[in-house]
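Here's the letter readout for the chains.
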Amino acid sequence: MKKRSNGDAPSPLDPLERGLSAGFGGDRRDSVLGSLERSTGARLSLVLPDPDADQEPVVKPVGSTNATALGARYEVLGEIARGGLGVVFKGRDRDLGRDVAVKVLHDRFKEDRQVTERFVEEAQIGGQLQHPGIVPVYELGLQDDDRPFFAMKLIKGQTLAELLRKRSAPSDSRPRFLSIFLQVCKTIAYAHARRVVHRDLKPSNIMVGNFGEVQVVDWGLAKVLRRGGVADETAIAESRKKESVIETVRSQEGSSVSIPGSLMGTPAYMSPEQARGEVERLDERSDVFSLGAVLCEILSGKPPFDADELSEVVRDAAACRHDAAFQRLESAQVEKELVELTRSCLAPSPDARPADAGEVAGRIESYLQTVEDRARKAVVRAAELRVRARSILTVGCLAVVGLIIAGGTYLGLDQKRQERENNTRHQAEPALAAANRLAGQAEHAGLLGAPIWQEALDEAKRAQAVVAAGEAAPELKSRVDATMRNLESRGHEVQAQAEKEAAHVKWLEQFVEVRIGPDVLHELYFWNAPKRREQESTRRVVEYEHLFREIGLNPSTSDAPAAAAFFDCDHRIRASLAFDAFAEATRVASLRMKDPDSERWRHLVRIARHLDPDDPWRNALRDELVREELNASSILGLASVTAIRERSAEEVALVVSLIDAAGDIGGAIQTQIEGLRVHPSDFWLNQSLSQLVASDELTSRRFSEVASWACSAALILRPDRRAERTLLALGDFQDGNPIGVETLRELLRETPNEQFLQSTNFFALMGTGFFDEAFALLPEAMKAIQVSGLDWEYAPFFFHFGYTEELHGAGTLSILNQVPYLIENERYDEAWTMLKRGRKMPSARRHIGFPNPFVLRARSAEDLRDLHQRWRACRDTESPELASMDAAEILAIAETESWFHLENLPVAVRLFQRAFDADPETKETFHFVRARQWAAFVSALASADVIGSQRITAKERSELRHLSLTWLHEELDLIERDLADPQLPKDRTEQYSRALHSMHGYGWLAPIREPRFLGAMPEEDAHACRFLWARIHGVGAMMDQIIHR
Amino acid sequence: MSDAPDSQATCWTLIQAAAAGEESPRSEFARQYLPLVRRYLAARWRDLFSGEIDDAVQEVFLACLQKEGALSRADRGRAGGFRPFLFGVIRNVARRFEDRRARRRARERPDADLDHVPDREDSLDRLLDREWARCMMAQAAEHHQRTALARGANARQGVELLRMRFFDGLPLRDIATRWKEDPEKVHQLYRTAREQFRNSLRKIVEFHQPGVADLDAECRRLLSLLEE
């Protein structure tokens, strides 16, 4: 047999085949943009400015690791770190123009099946654990030399290890570190809930971003526990002794050295079972031990095992010798609850530890809650202290008098009584002295001394109890009684003042909650900016007024000094800002009125000035607030980076609201980002940033990384907020991430009656091609859709499922297409009446006869009846009636058919084809969209037979797909031609951009876009579909570039 | 170049028309050589001047196409055809940009290192050669596809076969399975398509180097440039 050329083998190529590969683009085939660049000649790259460029990880130049070409998509920019399994590079995604981290398997493990499996498993774990605390994996790929690599989000920030090293003492910023630790626990709890254990938790594997976001990295040792947990693990280990879990060399860093051989993990943070290499025993509780080790370092400054020699560290870890660590904890003046939690996490026996990270998170959360409660009480006690301070002097004088009296009577007592009295005095005097000493300290310590003041009171009560229980000298008794009486007599006054202070604190917290708004996401956020501001401000004004009414204050009528006097407390600055916020909301809300009452918000600002007359920055801001016209640039002048860094979260919120109200959304976003650098844990700043960015972006069906991280951060701070979960899910949906639809489904399961979720789910399910599920939701969704207005995209579905009459009745349909609807239902007289009415309304003219211009030519109900008869005949595409019609009329019938008869879509497609063949110009006819585009949508949907009534063959399906793709390519040709025109107006480009982006979430096109549809079609068809979407993506990127230019 | 290799046209016909300012040849000229120019500059500069690649590409084409520009002075008798001429223009523009950049850096930071300016022109020449070869292959593939359209269904299937083999990276046996064809027949089609591509390559080489003594040797030389 003649020897064949080597066409079967992927390599090596002979010279001509190299030429063929270069000629047919095989040498760059993996890059979408490469392919598009070849086909369009355009350079498709868009790079956004990066405000965090200075926080990027330090990279080393790439050495001889030969990992410089990660497929065609990623370009290697330098080395970030080197670990046991692979090297992490900083890379650039050429297609999307973003920096990423790319982990590549070490060359030496290329042939090692087990290590390769583990490497891939790491990528899969990262890809499947969808949590704000876990770095998302974008893609798993193969290098040219068949080594796997995976690309993930590039994290910017510092490791917890670095942050801990920068402390001057372990007690520094403890609340902040505990808050970070809580987020770590929650992240690991999420992993544990999915049966994943990390097995290498340590501070250097915890990244803290610039905005407070915490992420657990390096899941290279992570393992998915088999069903049944430890017992099954043991069984597996027994059965696979030769294939025990990967043994590898771990990363080396500082003292936390990992060792090669049988150990996995980092000894200083390792559970004893892990240190002994009992791999099969490792489960969630080993992670709990490591969490305890991290907590130990946060509290005491060092991990539990901290010997100089590595071998010693391992020995200590294996034997769980951590007495020294516990001693450090005891001497670090740490609260009892934290010490107990650390001890229980570090228990030698796994059974004695908390069961998983969720339990640790719960205990830390409860501790932090207690601390918060204590802080709140401290504020109340501080108030008590101020009132009582005046009485302390009196109490002191009484004590002196008491001592003099005591001196006079003491000599007259008999010996035994003296002994008993001495005994009582011996016990009571130290308590009384301690009470006086503590009261003095508390007085000098001001607010911070509040807890000491409580201790002083406790001591005084103890003295009183001792006196009451034993025999006491009258002078001692009267001294103690006088002290207590005096305190009691002041009690009511103190209580009243304390309650007032507490009420102020609570009230101010409620004020912040009003700013945050209810936990409901509604369409408000997707309207235009002025409407959003107006609606949001009106809500705030109503709720602020309610809050003021609750405390019996009418700020509109009270004079400024009186209103200011009401808040004469420690929180007067915060109170002044509350008046400012009220003024800002009132101002924006009243703008819609023809004659806005500017005196009202100016009065509120006057009250704020009374409360806070001295701060020049705040008063300059108030000057801006009372101007006739808000001036964005002038307000931005007050919001310099330096100024923002010194301002409280409330002040940042106010300035952001003002910039937004002045119409500069970009400036508001930038200021918010600056504010978040200083207040990363402020919920409102995160929440409103995500909403502000998303409100602009979701309408164009895109969701940026800024909106995503702000929303994620807000969710970390308040994980139960459904509004932010919904927003994030919507963003994911728009990004084409399947987790978006998953989350929307989950949210709807939780609250099945929430209308916004019903309609959102319907649109998301339609958009991703889950048609049956969407149709099942339609009865509920319709209620919300009626409220929100009919979306033309899916109107044919509403007609098909018989909701037309409801929409017609509700008036929602009136501006769209009542006439054709009535005609289709043979209600010619009503249609004629409606048509006559519509003709008098020029603005409705385009819609009233939609989609058939011939309807508009009718002169009577009879004409409409005749017209309808003609259309009906044309459902048979062989009908002679068609021969007498021109292209425009056939097109009109095709559109009517697609609009009102989803079960007949293939017929509609044939009619479209016939119209286009008769006159290609009809393709450009524009109703809601261009006729050719609508025909492409119809054809794509027809190919999937979603209604289940078409019974088309596989060949017909393929033809319908092909038609759809052809028409869409023609649309793209047209767009590209227009884009080449330098005179093309920007709004036209933006319009094109929106149209293209919308295709990504457009249900009609799901059958030629969604992977599960593509998987079910012949490979050639699927390839053609993928190529179309790559082209759409490329043209979209090109348009973005033009727009941003 | 849509039908140039099939007629008696050469690259100089196109160049002459482009240099004379005719719109269509200018566009065709830019379409043919833009990927080559861009890829060469991107490879030469990596990330260092990435922001300036667009400007440099523009400058190359400006140098070539402006009235009485470089193209109008091109020497047709020069050995190697149009290739060395184009390379000269690209190199000059690239060096001009590098010099400008180096001077700017030196002004900003007198002690700035100038390591970033490429100094190994010979390796860059190889790069340019390879890019030229890739450009020729792309044009040959394009020519092959165009001629296949006229040749009929079999030839078109041959083009599709080459596309699936080299763009999609599929082995012939997989293609045969997908097409439900006898593998032997697919191999036969593959051999024919290869030969047709080789012929297209000859046409393209002839187009760019009219009158070259040994066409096959020049094709082999071009193919050898693609070796890593």
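**Points about the overall build of chain A**
Argument step 1. Looking only at helices and strands, chain A features 45 helices and eleven strands.
Argument step 2. For chain A, with 1045 residues in total, the buried portion stands at 54%.
Argument step 3. Of the contacts formed within chain A by residues at least 6 apart in sequence, a portion of 64% connects residues at least 24 apart.
Argument step 4. Surface summary for chain A: the accessible area is close to 45700 Å², and the carbon and sulfur share equals 52%.

**What about helix α27 (residues 722-734) of chain A?**
Residue and element names in this part refer to chain A.
Argument step 1. Between the first and last C-alpha of α27 there are 18 Å, a value that for 13 residues agrees with the 18 Å anticipated at 1.5 Å per step.
Argument step 2. In terms of residue burial, α27 counts as a mostly covered element, since 13 of its 13 residues are buried.
Argument step 3. Within two residues after α27, G736 carries a phi angle of roughly 80°, on the positive side.

**Things to note about the nonpolar core**
Argument step 1. Counting residues in hydrophobic clusters, the biggest one holds 100 residues, and the most contacted among them are F762, L864, F912, W934, W1004, L1005 and I1008 of chain A.
Argument step 2. The element best represented in this core is helix α41 (residues 931-944) of chain A, accounting for ten residues.
Argument step 3. In contact with L1005 of chain A, other than residues within four places in its own chain, are A936, F937, A940, L968, M999 and W1029 of chain A.
Argument step 4. With 68 residues, the next largest nonpolar core counts Y40, L127, C135 and L172 of chain B among its residues.

**Side note on the packing of aromatic side chains**
All names here are of chain A.
Argument step 1. Enumeration according to the criterion identifies 27 aromatic pairs over all chains in this entry.
Argument step 2. The interplanar angle of 70° and the centroid separation of 5.3 Å between the aromatic rings of F762 and F763 together place this pair among those described as edge-to-face.
Argument step 3. Residue classification places F762 among the buried residues on the basis of a relative accessible area of 0%.
Argument step 4. Between F775 and F801 the ring centres are 4.6 Å apart and the planes differ by 45°, which places this aromatic pair in the tilted class. Residue F775 is located in helix α30 (residues 771-788), and its partner F801 is located in the loop between α31 (795-800) and α32 (804-810); the two are separated by 26 residues in the primary sequence.
Argument step 5. Taking relative accessible area as the criterion, F801 reaches 32% and is therefore assigned partly exposed.
Argument step 6. Each member of the aromatic cluster is reached from another via a ring pair, and the members are F771, F775, F797, F801, W899, W934, F937, Y1002, W1004 and F1013.

**Structural notes on the pattern of salt bridges**
Residue and element names in this part refer to chain A.
Argument step 1. Summed over the entire model, instances satisfying the criterion amount to 67 salt bridges over all chains.
Argument step 2. The closest approach of N and O atoms between R276 and E278, which form a salt bridge, is 3.1 Å.
Argument step 3. E278 gets classed as partly exposed once you look at its relative accessible area, which sits at 21%.
Argument step 4. A cluster of three or more residues bridged by salt bridges with shared partners is formed by D580, D612, D615, R618, R622, R647 and E651.

**Focus: the pairing of strand β4 (residues 98-105) of chain A**
Residues and elements named next belong to chain A.
Argument step 1. In terms of burial, β4 is largely enclosed, as seven of its eight residues are buried.
Argument step 2. Two strands pair when backbone bridges link them, and strand β3 (residues 86-93) and β4 are joined in this way by eight bridges, in the antiparallel orientation. The partner of R92 across the bridge, within β4, is D99.
Argument step 3. As paired strands, β4 and strand β6 (residues 148-153) are joined by five bridges and run antiparallel to one another. The partner of K103 across the bridge, within β6, is F150.

**Points about the packing of helix α39 (residues 887-900) of chain A against helix α40 (residues 905-918) of chain A**
Residues and elements named next belong to chain A.
Argument step 1. At their nearest, the axes of α39 and α40 sit 8 Å apart, and the two run at 160° to each other. On the basis of the axis angle, α39 is roughly antiparallel to α40. Handedness of the crossing formed by α39 with α40: left-handed. For the pair α39 and α40, the contacting residues are A887, I890, L891, I893, A894, E895, E897 and S898 in the first and L905, A908, L911, F912, R914, A915, F916 and A918 in the second.
Argument step 2. Looking at the contact of α39 with α40, its residues break down into twelve nonpolar, one polar and three charged.

**Focus on helix α3 (residues 113-128) of chain A**
Residue and element names in this part refer to chain A.
Argument step 1. The end-to-end C-alpha distance of α3, which contains 16 residues, comes to 22 Å, matching closely the 22 Å that a straight helix rising 1.5 Å per residue would cover.
Argument step 2. Among the residues making up α3, those that are buried are V115, T116, R118, F119, E122, A123, I125 and G126.
Argument step 3. In the core, the buried residues of α3 are packed alongside β4, β5 (137-142), β6, β8 (196-197) and β11 (223-224).

**Some points on the side chain of N761 of chain A**
Argument step 1. Here N761 of chain A is to be found in helix α29 (residues 755-767).
Argument step 2. Within the local environment of N761 of chain A, its side chain forms a polar contact with the backbone oxygen of L744 of chain A, the two atoms lying 3.0 Å apart.

**Quick notes on unusual backbone geometry**
Argument step 1. Here the phi dihedral of D945 of chain A falls at roughly 50°; this positive angle occurs in a residue that is not glycine.
Argument step 2. Within the fold, D945 of chain A resides in the loop between α41 and α42 (954-979).

**Let's talk about the packing of helix α28 (residues 738-750) of chain A against α29 of chain A**
Helix-helix packing is described using two parameters, namely the angle between the two axes and the distance between the axes.
Residue and element names in this part refer to chain A.
Argument step 1. The geometry of α28 relative to α29 is characterised by a closest axis approach of 10 Å and an angle of 150° between their N-to-C directions. As judged from the angle between their axes, α28 and α29 are roughly antiparallel. Crossing angle aside, the handedness with which α28 passes α29 is left-handed. Contact residues: α28 offers V741, L744, R745, L747 and L748, while α29 offers L757, Q758, T760, N761, A764 and L765.

**Structural notes on the environment of R328 of chain A**
Residue and element names in this part refer to chain A.
Argument step 1. As for its placement among the helices and strands, R328 is situated in helix α10 (residues 323-331).
Argument step 2. Under the relative-accessibility criterion, R328 is labelled partly exposed at 23%.
Argument step 3. Once the C-alpha coordinates of R328 and S300 are considered, the two residues, 28 residues apart in sequence, prove to be 5.9 Å apart.
Argument step 4. The contact partners of R328, leaving out residues within four places of it in the chain, are S300, K302, P303, P304 and D306.

**What to know about the environment of V946 of chain A**
Residues and elements named next belong to chain A.
Argument step 1. As for its position among the elements, V946 is in the loop between α41 and α42.
Argument step 2. Taking C-alpha positions, V946 is 10.0 Å from W1004, a pair spaced 58 residues apart along the chain.
Argument step 3. Those residues in contact with V946 that sit more than four places away from it in its chain are F771, D772, F775 and L941.

The rules behind the values
- Residues numbered from 1 in each chain as written.
- Chains lettered and ligands numbered in written order.
- Predicted model: local features only at pLDDT ≥ 70, side-chain atom pairs only at ≥ 80, totals over all residues.
- Heavy atoms only, no water.
- Helix = DSSP H or I, 4+ residues; strand = E, 2+ residues; numbered from the N terminus.
- Buried < 20%, exposed > 50% of the residue type's maximum accessible area, 1.4 Å probe, protein only.
- Contact = heavy atoms within 4.5 Å.
- Areas by Shrake-Rupley, 256 points an atom, 1.4 Å probe, with all protein chains shown as cover.
- Expected span 1.5 Å × (residues − 1).
- Core = buried A, V, L, I, M, F, W, Y, C linked by side-chain atoms within 4.5 Å.
- Phe/Tyr/Trp six-rings, centres within 6.5 Å; stacked < 30°, edge-to-face > 60°.
- Salt bridge = Lys/Arg side-chain N within 4 Å of Asp/Glu carboxyl O.
- Pairing = 2+ DSSP bridges.
- Axes fitted to C-alpha atoms, helices over the stretch in contact; angles between N-to-C directions.
- Parallel < 35°, antiparallel > 145°, perpendicular 65-115°, else oblique.
- Left-handed = near helix turned anticlockwise from the far one by under 90°.
- Nonpolar A, V, L, I, M, F, W, Y, C, P; charged D, E, K, R; others polar.
- Polar contact = N/O pair within 3.5 Å; in protein donor to acceptor, adjacent residues only side chain to side chain.

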